[in-house]
Amino acid sequence: MVASSPSGQAKWSSKTAFVLAATGSAVGLGNLWRFPTEAGTNGGGAFVLLYILCVVLIAAPLLLSETLIGRHGQRSTIGSAVHLARQSGASPAWSAMAVLGLIANTLILSFYCVVAGWVVYFIGTSGMGLFEAVSGGNALGGAYPAQSPDSIREMMPALFANPGLLVGMQSIFVILTVVIVARGVKGGIEAAAVWLMPAFFFLLIGITLYAAMTGDFARAVNFLFSPDFSRVTEPGVMSSALGQAFFSLSLGGGAMIAYGAYASRDTNLGSTSGTIAFADTAVAIIAGLAIFPIVFSVGLQPDAGPTLMFQTLPTAFHLMPGGAIVAFAFFVLAFFAALTSSVSLLEISVGWITEKFGVSRSAAAWGMGLIIFALGILSALSFNILADQRPIPFIPGFENAGWFDAFDGITSKLFLPLSGLITALFIGWVADKKIVNAETGLTGGALSMWRFLVAWLCPLAVTAILVLGLFPQLLG
Ligand code: TRP
């Protein structure tokens, strides 16, 4: 599916394939799992409103900035940033955004594999449930026929209490990610993105319709879309919304620079960035509309935290006609959505290591896989054995964060926005205007608007949110 251009650089076979692959990187556990978790713990509507503003005004313009760095550079993330800096007569130190991105993405992947491990576990349990349903002669019945809604909600706490199982599931996901990246990302990932992402999207819409009809849809809509304006100005909610926008769009100096390098010359990066941002946000909102009606109808708390998705959807699958099949299909597709993201996360460091040190892909992938697995163990164990450890109490806002929350929070609330800030300053002020403007594919008012957002709004807003996030007392 991927043809080589005369210069030897692999290209996506079509514009659609590039959009789907980049959307494949963007759409993942960030939408299904992290968006509802964050919306639930940050007050619902206030968070959703800020999140949408962050996507439109900050993240989408930066998405275009990153993909253009990649397409212009045709190298690894750091290599492409250095290239554009040199061509612009600027210091190669501007590639700091990609260095920061590489570190952040490695840390993100470590806990991402832990959460993806939960998905693997639910593939197992829903697969067994499907087997029971089929052998009980009720293949079209609900999921987990032998359980009650209460016992289904206990599955997550039981998994958390079992460190060996958590780490085992995590290791399965790490190994799969490494195997794909070791073989070379493009063929496998493009195929997965082109077929599985659309399948996933339709299944999710079906589940949402079911949740809307049977759950407490009115309350969910109210929770997600009528903001409590007193919370909109809360620094913690602002930095969570900004962090989620970066996380969900795979921004922050990594994946999108890397994928931009695979886009062909005739791809209009301006319009495709808009499409990707829109699709990613739509999936997050739809996932929210699938999960929150169930949260309210089964009496869970919206701020239940990272277990929310895994406690609500299985309950809905249990009650739903055909739920046994839907549950299994959902977790398998969620697994692929996670895999298209995790592969993009690992590709960043592997692409750079192979380019810089000339080692083989597979050595780089296995080496990084080991590091990621080891770091991830800390996150996995923070739900049990290491539950009392507070690794970064000296950073304001992280006094009570365990390992998992520390890895998740510090990357999305600090590293990714910081990398985005450097990108905005570099593209808005330093990089050669002619090169940059030509790469965007934008003209006229759209181009001026984008330039304004990148040069002025992004740096100012990101700085303000970063500073307020760290020092909320500044607001009084
Ligand atoms: N965006 C992905 C998701 O929503 C996660 C992801 C992939 C990511 N690559 C990234 C996050 C790079 C930050 C940076 O699941």
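Everything that follows concerns the structure shown earlier in this document.
Residues numbered from 1 in each chain as written. Predicted model: local features only at pLDDT ≥ 70, side-chain atom pairs only at ≥ 80, totals over all residues. Heavy atoms only, no water.

A.B. asks: Would you mind going over the site of the ligand with me for this structure?
C.D. replies: Close to the ligand lie 17 residues, the nearest being A26, G30, N105, Y112 and F247. In this structure, L29 approaches the ligand through a main-chain N or O atom, which is 3.1 Å from an oxygen atom. Take N31: an N or O atom from its side chain is 3.4 Å from an oxygen atom of the ligand. Starting from 360 Å² of accessible surface for the ligand in isolation, the protein chains cover 100%. Counting only elements with at least two residues in the shell around the ligand, the list comes to α1 (15-26), α2 (29-41), α5 (96-135), α12 (235-248) and α16 (323-357). The residue makeup of the shell around the ligand, split by class, is eight nonpolar, nine polar and no charged. (Near = heavy atom within 4 Å. Polar contact = N/O pair within 3.5 Å; in protein donor to acceptor, adjacent residues only side chain to side chain. Areas by Shrake-Rupley, 256 points an atom, 1.4 Å probe, with all protein chains shown as cover. Helix = DSSP H or I, 4+ residues; strand = E, 2+ residues; numbered from the N terminus. Nonpolar A, V, L, I, M, F, W, Y, C, P; charged D, E, K, R; others polar.)

A.B. asks: Sorry, what's going on with empty space enclosed by the protein here?
C.D. replies: A water-sized probe, rolled over the atoms, reveals where empty space remains. Scanning the entire structure with this criterion turns up one cavity of 30 Å³ or more. By volume, the largest cavity amounts to about 150 Å³. Lining the largest cavity we find 18 residues, and of these S25, I108, F247, S250 and L345 sit closest to its centre. Taken together, the elements giving at least two residues each to the lining of the largest cavity come down to α1, α2, α5, α12 and α16. A class-by-class count of the residues in the lining of the largest cavity yields nine nonpolar, nine polar and no charged. (1 Å grid on protein atoms, 1.4 Å probe; cavity = no way out; pocket = protein on both sides within 12 Å on 5 of 7 lines; lining within 4 Å. Points joined across faces, edges and corners; volume = space filled by probe spheres on them.)

A.B. asks: Help me understand the layout of surface pockets, please; the structure alone is not making it clear to me.
C.D. replies: Approximately 720 Å³ is the volume attributed to the largest pocket. The wall of the largest pocket is formed by 34 residues, among which S240, G397, F398, D405 and K413 lie closest to the centre. Of the residues forming the lining of the largest pocket, the biggest block, six residues, is contributed by helix α18 (residues 403-430). Tallied by class, the residues present in the lining of the largest pocket amount to 15 nonpolar, eleven polar and eight charged. Quantified by volume, the second largest pocket comes out at close to 310 Å³. Contributing to the lining of the second largest pocket are 17 residues, with V56, A60, P61, G274 and A277 lying nearest its centre. When contributions to the lining of the second largest pocket are tallied by element, the ones reaching two or more residues are α3 (45-73), α14 (269-297) and α20 (444-470). When the residues that make up the lining of the second largest pocket are grouped by side-chain class, the tally is 13 nonpolar, four polar and no charged.

A.B. asks: Explain unusual backbone geometry to me, please; I cannot follow it from the model alone.
C.D. replies: Positive phi, close to 55 degrees, is recorded for Q74, a residue that is not glycine. Secondary-structure assignment places Q74 in the loop between α3 and α4 (77-87). Residue S250 is not a glycine yet carries a positive backbone phi of 55 degrees. With respect to the helices and strands, S250 occurs in the loop between α12 and α13 (255-260). The exposure class of S250 is buried, given its relative accessible area of 14%. (Buried < 20%, exposed > 50% of the residue type's maximum accessible area, 1.4 Å probe, protein only.)

A.B. asks: Before we go on, may I ask you to explain the nonpolar core in this structure?
C.D. replies: In this structure, W118, F310, F317, F330, F331 and I427 are the most contacted members of the largest nonpolar core, which totals 165 residues. A per-element tally of this core places α5 first, with 20 residues. Every residue in contact with F330, bar those within four places of it in the chain, is listed here: L32, F200, L203, L204, I207, M309, L313 and F317. (Core = buried A, V, L, I, M, F, W, Y, C linked by side-chain atoms within 4.5 Å. Contact = heavy atoms within 4.5 Å.)

A.B. asks: What is the right way to read helix α19 (residues 433-440) from this model?
C.D. replies: It helps to recall that an α-helix has 3.6 residues per turn; residues three or four apart then point in one direction. Inspection of α19 places V436, N437, E439 and T440 among the buried residues, and these make up the whole buried set. Looking straight down α19, one finds that the buried residues subtend no more than 160 degrees of arc, so they occupy a single side. Facing away from the buried side of α19 by over 90 degrees, the exposed positions are K434 and A438. In the core, the buried residues of α19 are packed alongside α3, α14, α18 and α20. For α19, the N-terminal capping position is held by D432, with its side-chain oxygen 2.9 Å away from the main-chain nitrogen of K434. Note on α19: the residue one or two positions beyond its end, G441, has a positive phi of about 75 degrees. (Arc of directions from axis to C-beta.)

Distances and angles like these do not, on their own, reveal function.
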